[in-house]
Amino acid sequence: DILDKMVCCNMKSVFVLLALAVSPSASAFVPGSSTVKSFTNSATNSAARHMPLSMKEGSVNSATSLALSTVGGADAVEEPKSSMAETLQVGTYFALWYLFNIGYNIYNKQALNVLAYPWTIATLQMCTGIFYFVPLWLTGIRKAPKLSGSDLKTLFPIALCHTGVHVGAVIALGAGAVSFAHIVKASEPVVTCMLNFLFLGEVLPTPVYLTLLPIIGGVAIASMKELSFTYLALASAMLSNVSSSARGVLSKKTMSGKKIGENLDAQNLYAVLTAMAAAVLIPLTLAVEGTGFFSAFKTLVANGDFTNKALAMLLGLGGATYYAYNEVAFLALGKVNPVTHAVGNTIKRVVIIIASVVAFKTPMSTGSIIGSSVAIAGTLLYSLAMNASKKKKA
């Protein structure tokens, strides 16, 4: 009974905080036309990775708000506010972004510890978002996107990559420590640079490539010294990295300068990709794990480890916080400059690693701490170098 009350209280808190965060967002993102220019990948995307798109002159542009982009800063159409009010609002968005992200990693790991069905849990988390954005569309609070068959065909490969990002991250979190999964995720810039060069022919300035060295070295050291190292965790986290980078490359190749449907602003694009990824995951999950999850669920309840309500709420909290941190990330990252964005992403990863170590009492060797510190510092340097490079081009 006590566990039920605690979980119910946490679930209510998630939705209350999300409602408070999103309530002022109508003025923060006012989309116009639906021209999709680009949808770029981020070097600092976390395990549950984010979908950045920026809003400028009504288009879904590169570098917005879901933490896939390291560019940051969207042009918001909103009423003038005092600097104090603006600072307070941005601070609140960042606090909620961090809070939901920490909550997701903890709830997700707790669920995976008792139910070793990562594909099913990933599917449930992806489907949870549908219960958030569909009511917004039906009630008219948010304009529903209108997409043709051709539009869906264009988005489908990107949705497949979105699926890989999430599934890879969830499997990695289940196979090893949360901290280790995030350390490996820090190597995403390396994959991004490789794919951009191979498929887009993009050659970056030397300083950008030099920042990849501490990332590679740091992840290598952390992997060798990681006490809870497993090849499955490493491979799955890298699958998430490759999928995230591929998502960015495909977005540039297929969506750049192309008009995609109507009412497809950044938040709606993320919602559409979430729905498509959920549709992909359901048959894949049944093929990989079957229906064993439900038998395991019943066994846990029968053994008295959980009540039906408590276990269902734990899974629900994982899904709710997953979508919530992505939604709030729009509000947080769309209001800051590129440097603040890069620093915010770096601090977020550090906070998640520390929170997971404390929550699960995960031991970290000295080598693992040094390696993770070097790798995370490298991702910050990469983000700053990329921003500097883009400023020179502009």
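(A) Representation of the overall build of the chain. Looking only at helices and strands, the chain has 15 helices and four strands in total. Taking all contacts inside the chain whose residues are at least 6 apart in sequence as the whole, residues at least 24 apart take part in 85%. Counting every atom, the chain has about 16000 Å² of accessible surface; 70% of that belongs to carbon and sulfur.

(B) Structural detail: the confidence of the model for the chain. For the chain, mean pLDDT is 79; residues scoring 70 or higher make up 77% of the total. Taken element by element, the chain is modelled with least confidence in strand β1 (residues 35-36), mean pLDDT 37, and with most confidence in helix α3 (residues 118-128), mean pLDDT 97. Every residue in residues 20-80 scores below 50 in pLDDT, and together they form 233 contacts with partners more than four places removed in sequence or on other chains.

(C) Structural context of the nonpolar core. Core analysis: the largest hydrophobic core is formed by 70 residues, its most contacted members being Phe94, Trp97, Leu115, Ile121, Leu155, Leu311 and Leu315. Counting nine residues, the second-largest nonpolar core is a separate cluster that includes Leu212, Tyr382, Ala385 and Met386.

(D) Up close: the pattern of salt bridges. Enumeration over the complete set of coordinates arrives at two salt bridges. We note a salt bridge from arginine 142 to glutamate 327, for which the minimum N-O separation is 2.6 Å. Note that arginine 142 is positioned in the loop between α4 (130-139) and α5 (149-175) and glutamate 327 in helix α13 (residues 308-333), a separation of 185 residues in sequence. Glutamate 327 shares its class with arginine 142; the two are buried. Residue lysine 185 is joined to glutamate 188 by a salt bridge in which the shortest nitrogen-to-oxygen separation is 3.9 Å. The same class applies to lysine 185 as to glutamate 188, namely buried.

(E) Seen up close, the packing of helix α2 (residues 83-114) against α5. Remark: α2 packs on α5, axes separated minimally by 9 Å, with the N-to-C direction vectors making an angle of 65 degrees. Considering the relative orientation of α2 and α5, their crossing is right-handed. Residues Tyr104, Asn105, Asn108, Lys109 and Leu112 of α2 form the contact with α5, whose participating residues are His166, Val170, Leu173 and Gly174. Tallied by class, residues from the contact of α2 with α5 come to four nonpolar, four polar and one charged.

(F) Focus on a nonpolar patch on the surface. Together, Met194, Phe197, Leu198, Phe199, Leu200 and Val203 make up an exposed nonpolar region whose accessible area comes to about 620 Å². Tracing the sequence through the fold places methionine 194 in helix α7 (residues 188-200).

(G) Local environment of the environment of leucine 147. Secondary-structure assignment places leucine 147 in the loop between α4 and α5. When the C-alpha positions of leucine 147 and asparagine 263 are compared, they lie 9.1 Å apart, and in sequence the two are 116 residues distant. Beyond its immediate sequence surroundings of up to four residues, leucine 147 is in contact with Leu152, Leu155, Ile260, Gly261, Leu264 and Val272.

(H) Up close: α4. Those residues of α4 that fall on the buried side of the exposure criterion are Tyr132, Phe133, Leu136 and Trp137. Mapping the buried residues of α4 onto a view down its axis gives an arc of 120 degrees, with all of them on the same face. Projecting away from the buried face of α4 at angles above 90 degrees are the exposed residues Phe131, Leu138 and Thr139.

(I) Main features of the side chain of threonine 211. You can see threonine 211 is positioned in the loop between α8 (206-210) and α9 (212-225). Residue classification places threonine 211 among the buried residues on the basis of a relative accessible area of 9%. Residue contacts for threonine 211: discarding those within four places in its chain leaves Gly378, Leu381, Tyr382 and Ala385.

(J) View of the packing of aromatic side chains. According to the stated counting rule, one finds 15 aromatic pairs in the structure shown. Taking 5.8 Å as the distance between ring centres and 45 degrees as the angle between the ring planes, the aromatic pair formed by phenylalanine 133 and tyrosine 323 counts as tilted. Placement of phenylalanine 133 in helix α4 and of tyrosine 323 in helix α13 is noted, with a sequence separation of 190 residues between them. Side by side, phenylalanine 133 and tyrosine 323 carry an identical accessibility label, which is buried. Look at phenylalanine 293 and phenylalanine 297: their rings are 6.3 Å apart centre to centre, the planes differ by 50 degrees, and that puts the pair in the tilted class. Here phenylalanine 297 and phenylalanine 293 lie together in helix α12 (residues 292-302), a separation of four residues that amounts to about one turn. As far as burial versus exposure is concerned, phenylalanine 293 and phenylalanine 297 are alike and both buried. Feature note: the residues Tyr132, Phe133, Trp137, Tyr270 and Tyr323 constitute an aromatic cluster, connected by ring pairs.

(K) Spatial organisation of unusual backbone geometry. Residues other than glycine seldom take positive phi values, yet asparagine 263 does so here, at roughly 60 degrees. Residue asparagine 263 is classed as partly exposed on the basis of its relative accessible area, which comes to 25%. Within the chain, lysine 361 stands out as a residue other than glycine whose phi angle is a positive 50 degrees. Here lysine 361 lies in the loop between α14 (338-360) and α15 (366-393). The exposed category is assigned to lysine 361, whose relative accessible area is 69%.

What counts and what doesn't
- Residues numbered from 1 in each chain as written.
- Predicted model: local features only at pLDDT ≥ 70, side-chain atom pairs only at ≥ 80, totals over all residues.
- Heavy atoms only, no water.
- Helix = DSSP H or I, 4+ residues; strand = E, 2+ residues; numbered from the N terminus.
- Contact = heavy atoms within 4.5 Å.
- Areas by Shrake-Rupley, 256 points an atom, 1.4 Å probe, with all protein chains shown as cover.
- pLDDT = per-residue confidence, 0-100.
- Core = buried A, V, L, I, M, F, W, Y, C linked by side-chain atoms within 4.5 Å.
- Buried < 20%, exposed > 50% of the residue type's maximum accessible area, 1.4 Å probe, protein only.
- Salt bridge = Lys/Arg side-chain N within 4 Å of Asp/Glu carboxyl O.
- Axes fitted to C-alpha atoms, helices over the stretch in contact; angles between N-to-C directions.
- Left-handed = near helix turned anticlockwise from the far one by under 90°.
- Nonpolar A, V, L, I, M, F, W, Y, C, P; charged D, E, K, R; others polar.
- Patch = residues over 30% accessible without salt bridge, like charges linked within 9 Å, V, L, I, M, F, W, Y side chains within 5 Å.
- Arc of directions from axis to C-beta.
- Phe/Tyr/Trp six-rings, centres within 6.5 Å; stacked < 30°, edge-to-face > 60°.

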